[in-house]
Amino acid sequence: MKISVDFGHCLSGADTGAASQGYREEILTREVGKIVVNLLKKAGHDVLIVSPDSGMTSVSQSLQYRVNKSNNWGADFFVSIHFNSGGGYGTEIYTFNGKIIDRAKKVLDRFTALGYINRGIKDGSQLAVVKGPSCPSMLVECCFIDTNDMERYSSVNMGKIIAEGINGGTIEGSSNNSGGDIMDKNVYVQTKTLDTDGVDGIQVNKYMEKFLNKNFYVKANGSGILFESQYMTLDEANKVKSNLGDEFLHFCFRS
(Lines give C-alpha, C1' and ligand atoms only; values in the text may rest on other atoms or scores of the structure.)
Protein backbone atom coordinates (compact mmCIF):
# COMPACT_ATOMS: atom_id res chain seq x y z
CA MET A 1 0.00 0.00 0.00
CA LYS A 2 1.16 3.55 -0.78
CA ILE A 3 0.84 5.68 2.36
CA SER A 4 1.35 9.43 2.64
CA VAL A 5 2.52 10.55 6.08
CA ASP A 6 2.06 14.20 7.01
CA PHE A 7 4.03 15.62 9.93
CA GLY A 8 1.70 18.40 11.09
CA HIS A 9 2.91 22.00 10.68
CA CYS A 10 6.31 23.38 9.60
CA LEU A 11 9.48 23.90 11.60
CA SER A 12 9.49 27.60 10.70
CA GLY A 13 7.50 30.20 8.82
CA ALA A 14 3.76 30.75 8.64
CA ASP A 15 2.59 27.27 9.65
CA THR A 16 4.14 26.43 13.00
CA GLY A 17 1.99 24.65 15.57
CA ALA A 18 1.00 24.91 19.21
CA ALA A 19 3.58 25.34 21.96
CA SER A 20 3.30 24.65 25.68
CA GLN A 21 5.24 23.21 28.64
CA GLY A 22 8.50 23.35 26.69
CA TYR A 23 7.06 21.38 23.77
CA ARG A 24 6.53 22.46 20.15
CA GLU A 25 3.91 20.65 18.12
CA GLU A 26 5.93 20.74 14.90
CA ILE A 27 8.80 18.96 16.69
CA LEU A 28 6.55 16.33 18.27
CA THR A 29 4.80 15.49 15.00
CA ARG A 30 8.17 14.74 13.42
CA GLU A 31 9.32 12.66 16.37
CA VAL A 32 6.20 10.51 16.17
CA GLY A 33 6.00 10.63 12.37
CA LYS A 34 9.49 9.28 11.81
CA ILE A 35 8.64 6.23 13.90
CA VAL A 36 5.46 5.77 11.84
CA VAL A 37 7.42 5.99 8.58
CA ASN A 38 10.10 3.54 9.72
CA LEU A 39 7.58 0.98 10.90
CA LEU A 40 5.34 1.19 7.85
CA LYS A 41 8.37 0.67 5.63
CA LYS A 42 9.39 -2.28 7.80
CA ALA A 43 5.91 -3.73 7.18
CA GLY A 44 6.47 -3.51 3.42
CA HIS A 45 4.47 -0.39 2.57
CA ASP A 46 5.60 2.37 0.22
CA VAL A 47 5.73 5.57 2.28
CA LEU A 48 6.02 9.21 1.24
CA ILE A 49 6.58 12.08 3.67
CA VAL A 50 4.47 14.93 2.28
CA SER A 51 5.14 17.68 4.82
CA PRO A 52 7.49 20.60 4.10
CA ASP A 53 9.79 21.73 6.90
CA SER A 54 9.91 25.36 5.79
CA GLY A 55 9.46 27.71 2.84
CA MET A 56 5.68 28.13 3.12
CA THR A 57 4.37 31.70 3.13
CA SER A 58 0.88 30.84 4.44
CA VAL A 59 -0.99 28.05 6.19
CA SER A 60 -3.11 27.44 3.10
CA GLN A 61 0.00 27.05 0.93
CA SER A 62 1.46 24.59 3.44
CA LEU A 63 -1.71 22.48 3.50
CA GLN A 64 -2.12 22.48 -0.27
CA TYR A 65 1.50 21.44 -0.72
CA ARG A 66 0.88 18.31 1.36
CA VAL A 67 -2.32 17.37 -0.45
CA ASN A 68 -0.85 17.97 -3.91
CA LYS A 69 2.28 15.94 -3.16
CA SER A 70 0.18 13.00 -2.00
CA ASN A 71 -2.30 13.16 -4.87
CA ASN A 72 0.43 13.46 -7.50
CA TRP A 73 2.07 10.35 -6.04
CA GLY A 74 -1.19 8.40 -6.09
CA ALA A 75 -1.38 7.44 -2.42
CA ASP A 76 -3.79 4.78 -1.18
CA PHE A 77 -4.04 6.28 2.31
CA PHE A 78 -3.16 9.62 3.94
CA VAL A 79 -2.44 10.19 7.64
CA SER A 80 -1.75 13.59 9.23
CA ILE A 81 -0.21 13.69 12.72
CA HIS A 82 -0.99 16.52 15.15
CA PHE A 83 -1.14 17.44 18.83
CA ASN A 84 -4.13 19.22 20.32
CA SER A 85 -4.29 22.29 22.57
CA GLY A 86 -6.90 24.19 24.53
CA GLY A 87 -6.81 22.52 27.93
CA GLY A 88 -8.54 19.23 27.10
CA TYR A 89 -7.55 15.61 27.47
CA GLY A 90 -7.34 12.60 25.21
CA THR A 91 -7.09 11.51 21.60
CA GLU A 92 -9.40 12.27 18.69
CA ILE A 93 -9.30 11.44 14.99
CA TYR A 94 -10.86 13.32 12.08
CA THR A 95 -12.13 11.60 8.96
CA PHE A 96 -14.29 12.82 6.09
CA ASN A 97 -17.84 13.25 7.43
CA GLY A 98 -16.70 11.49 10.60
CA LYS A 99 -16.83 8.11 8.89
CA ILE A 100 -15.77 5.26 11.16
CA ILE A 101 -13.02 3.82 9.00
CA ASP A 102 -11.30 0.70 10.31
CA ARG A 103 -7.80 2.18 10.45
CA ALA A 104 -8.98 5.21 12.43
CA LYS A 105 -10.82 3.01 14.91
CA LYS A 106 -7.80 0.77 15.40
CA VAL A 107 -5.54 3.76 16.07
CA LEU A 108 -8.02 5.32 18.50
CA ASP A 109 -8.52 2.05 20.36
CA ARG A 110 -4.76 1.69 20.77
CA PHE A 111 -4.40 5.22 22.17
CA THR A 112 -7.20 4.46 24.62
CA ALA A 113 -5.35 1.33 25.72
CA LEU A 114 -2.31 3.51 26.39
CA GLY A 115 -4.40 5.48 28.91
CA TYR A 116 -5.68 8.43 26.87
CA ILE A 117 -9.34 9.49 26.94
CA ASN A 118 -11.22 8.44 23.81
CA ARG A 119 -12.61 11.67 22.30
CA GLY A 120 -14.00 9.84 19.29
CA ILE A 121 -13.85 9.96 15.52
CA LYS A 122 -15.07 13.37 14.36
CA ASP A 123 -16.11 15.14 11.18
CA GLY A 124 -13.03 16.54 9.46
CA SER A 125 -14.69 17.39 6.14
CA GLN A 126 -13.65 21.05 6.54
CA LEU A 127 -9.99 20.19 7.09
CA ALA A 128 -7.75 20.51 4.03
CA VAL A 129 -5.73 17.35 4.71
CA VAL A 130 -8.91 15.33 5.25
CA LYS A 131 -11.06 16.57 2.36
CA GLY A 132 -8.24 17.22 -0.11
CA PRO A 133 -6.55 13.84 -0.57
CA SER A 134 -7.92 11.67 -3.38
CA CYS A 135 -7.67 8.62 -1.09
CA PRO A 136 -9.08 7.78 2.36
CA SER A 137 -7.48 9.98 5.00
CA MET A 138 -7.41 10.73 8.71
CA LEU A 139 -5.95 13.39 10.98
CA VAL A 140 -4.79 12.12 14.37
CA GLU A 141 -4.72 14.51 17.34
CA CYS A 142 -2.48 12.37 19.55
CA CYS A 143 -3.09 14.19 22.83
CA PHE A 144 -3.11 17.68 24.34
CA ILE A 145 0.22 19.47 24.36
CA ASP A 146 -0.85 21.86 27.15
CA THR A 147 -2.10 19.43 29.82
CA ASN A 148 -0.77 16.49 31.81
CA ASP A 149 -1.58 14.29 28.81
CA MET A 150 2.09 14.86 28.04
CA GLU A 151 3.20 13.00 31.15
CA ARG A 152 2.75 9.72 29.26
CA TYR A 153 4.13 11.06 25.95
CA SER A 154 6.39 8.67 24.08
CA SER A 155 7.19 9.13 20.42
CA VAL A 156 7.94 5.41 20.18
CA ASN A 157 4.63 4.29 21.68
CA MET A 158 2.58 6.76 19.65
CA GLY A 159 4.39 5.99 16.42
CA LYS A 160 3.89 2.27 17.00
CA ILE A 161 0.17 2.79 17.70
CA ILE A 162 -0.40 4.78 14.51
CA ALA A 163 1.70 2.52 12.27
CA GLU A 164 0.14 -0.70 13.52
CA GLY A 165 -3.35 0.78 13.35
CA ILE A 166 -2.81 1.66 9.70
CA ASN A 167 -1.13 -1.67 8.99
CA GLY A 168 -3.97 -3.56 10.62
CA GLY A 169 -1.77 -5.61 12.91
CA THR A 170 1.53 -5.96 14.73
CA ILE A 171 4.65 -4.99 12.81
CA GLU A 172 7.53 -7.38 13.41
CA GLY A 173 10.40 -5.70 15.25
CA SER A 174 8.28 -2.85 16.64
CA SER A 175 8.07 -4.11 20.23
CA ASN A 176 9.00 -1.32 22.62
CA ASN A 177 10.31 -3.86 25.11
CA SER A 178 13.23 -4.96 23.00
CA GLY A 179 15.60 -2.18 23.87
CA GLY A 180 17.00 -2.36 20.35
CA ASP A 181 15.93 -2.37 16.70
CA ILE A 182 14.13 0.90 15.90
CA MET A 183 14.89 2.14 19.41
CA ASP A 184 18.61 2.50 18.73
CA LYS A 185 18.29 6.19 17.85
CA ASN A 186 19.38 9.44 19.44
CA VAL A 187 17.59 10.06 22.73
CA TYR A 188 16.74 13.57 23.84
CA VAL A 189 15.99 14.07 27.54
CA GLN A 190 14.48 17.33 28.77
CA THR A 191 14.90 18.04 32.47
CA LYS A 192 12.80 20.34 34.61
CA THR A 193 15.91 22.04 36.02
CA LEU A 194 15.84 25.78 35.44
CA ASP A 195 19.18 27.50 34.86
CA THR A 196 19.10 31.18 33.96
CA ASP A 197 22.85 31.68 34.26
CA GLY A 198 23.91 28.94 31.87
CA VAL A 199 25.27 25.46 32.49
CA ASP A 200 28.32 25.07 34.70
CA GLY A 201 30.68 22.15 35.10
CA ILE A 202 29.23 21.08 38.43
CA GLN A 203 25.80 20.59 36.91
CA VAL A 204 27.22 18.65 33.99
CA ASN A 205 29.23 16.40 36.28
CA LYS A 206 26.14 15.80 38.39
CA TYR A 207 24.34 14.38 35.37
CA MET A 208 27.12 12.15 34.02
CA GLU A 209 26.28 9.23 36.31
CA LYS A 210 22.55 9.74 35.78
CA PHE A 211 23.17 9.36 32.05
CA LEU A 212 25.01 6.08 32.61
CA ASN A 213 28.31 7.86 31.93
CA LYS A 214 27.48 7.99 28.22
CA ASN A 215 28.60 10.87 26.03
CA PHE A 216 26.08 13.70 25.80
CA TYR A 217 25.71 17.31 24.73
CA VAL A 218 24.19 20.00 26.93
CA LYS A 219 22.09 22.97 25.84
CA ALA A 220 20.24 25.55 27.94
CA ASN A 221 16.91 26.98 26.85
CA GLY A 222 14.00 28.88 28.39
CA SER A 223 12.50 25.74 29.91
CA GLY A 224 15.57 24.15 31.38
CA ILE A 225 18.58 22.11 30.33
CA LEU A 226 18.42 19.83 27.31
CA PHE A 227 20.68 16.79 27.39
CA GLU A 228 21.25 14.99 24.10
CA SER A 229 22.66 11.51 24.54
CA GLN A 230 23.42 9.49 21.42
CA TYR A 231 22.61 5.87 20.50
CA MET A 232 20.80 4.96 23.68
CA THR A 233 18.37 2.04 23.67
CA LEU A 234 14.87 2.29 25.14
CA ASP A 235 15.91 0.24 28.17
CA GLU A 236 18.82 2.62 28.80
CA ALA A 237 16.58 5.65 28.30
CA ASN A 238 14.12 4.33 30.88
CA LYS A 239 17.02 3.84 33.29
CA VAL A 240 18.02 7.49 32.77
CA LYS A 241 14.40 8.53 33.37
CA SER A 242 14.47 6.65 36.67
CA ASN A 243 17.81 8.21 37.62
CA LEU A 244 16.52 11.74 36.94
CA GLY A 245 13.44 11.26 39.11
CA ASP A 246 11.50 14.49 39.60
CA GLU A 247 13.86 16.34 37.26
CA PHE A 248 12.68 14.28 34.28
CA LEU A 249 10.27 16.00 31.88
CA HIS A 250 10.26 13.88 28.72
CA PHE A 251 12.39 11.99 26.25
CA CYS A 252 11.95 11.09 22.61
CA PHE A 253 13.70 9.10 19.94
CA ARG A 254 14.93 10.62 16.67
CA SER A 255 16.43 9.09 13.58
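Residues numbered from 1 in each chain as written. Predicted model: local features only at pLDDT ≥ 70, side-chain atom pairs only at ≥ 80, totals over all residues. Heavy atoms only, no water.

> How do you make sense of the nonpolar core when you look at a structure like this?
Considering soluble globular proteins, one finds that nonpolar side chains tend to be buried as a cluster. In this structure, Val 5, Phe 83, Phe 111, Met 138, Val 140, Met 158 and Ile 162 are the most contacted members of the largest nonpolar core, which totals 38 residues. Elements that contribute at least two residues to this core include exactly β1 (2-7), α1 (25-42), β5 (77-84), α3 (102-113), β8 (137-144) and α5 (155-167). With seven residues, α1 is the largest single contributor of residues to this core. The contacts of Met 138, once residues within four sequence positions are left out, are Phe 77, Phe 78, Val 79, Ser 80, Ile 93, Tyr 94, Thr 95, Arg 103, Ala 104, Val 107 and Ile 166. Core analysis: the next-biggest nonpolar cluster, separate from the first, contains ten residues, Leu 48, Val 50, Val 67 and Phe 78 among them. (Core = buried A, V, L, I, M, F, W, Y, C linked by side-chain atoms within 4.5 Å. Buried < 20%, exposed > 50% of the residue type's maximum accessible area, 1.4 Å probe, protein only. Helix = DSSP H or I, 4+ residues; strand = E, 2+ residues; numbered from the N terminus. Contact = heavy atoms within 4.5 Å.)

> Just checking my understanding: could you explain the environment of Ser 125 for this structure?
Locating Ser 125 in the fold gives a position in the loop between β7 (118-123) and α4 (128-131). Separated by 27 residues in the primary sequence, Ser 125 and Gly 98 place their C-alpha atoms 7.7 Å from one another. When sequence neighbours within four positions are dropped, the list of residues in contact with Ser 125 reads Thr 95, Phe 96, Asn 97 and Lys 131. Polar contacts involving the side chain of Ser 125 include one to the side chain of Asp 123, which spans 2.8 Å. (Polar contact = N/O pair within 3.5 Å; in protein donor to acceptor, adjacent residues only side chain to side chain.)

> Explain the side chain of His 9 to me, please; I cannot follow it from the model alone.
Here His 9 is to be found in the loop between β1 and β2 (19-20). Judged by its relative accessible area of 16%, His 9 falls in the buried class. Within the local environment of His 9, its side chain forms a polar contact with the side chain of Asp 15, the two groups lying 3.1 Å apart. Every residue in contact with His 9, bar those within four places of it in the chain, is listed here: Asp 15, Thr 16, Gly 17, Glu 25, Glu 26, Arg 30, Pro 52, Arg 66 and His 82.

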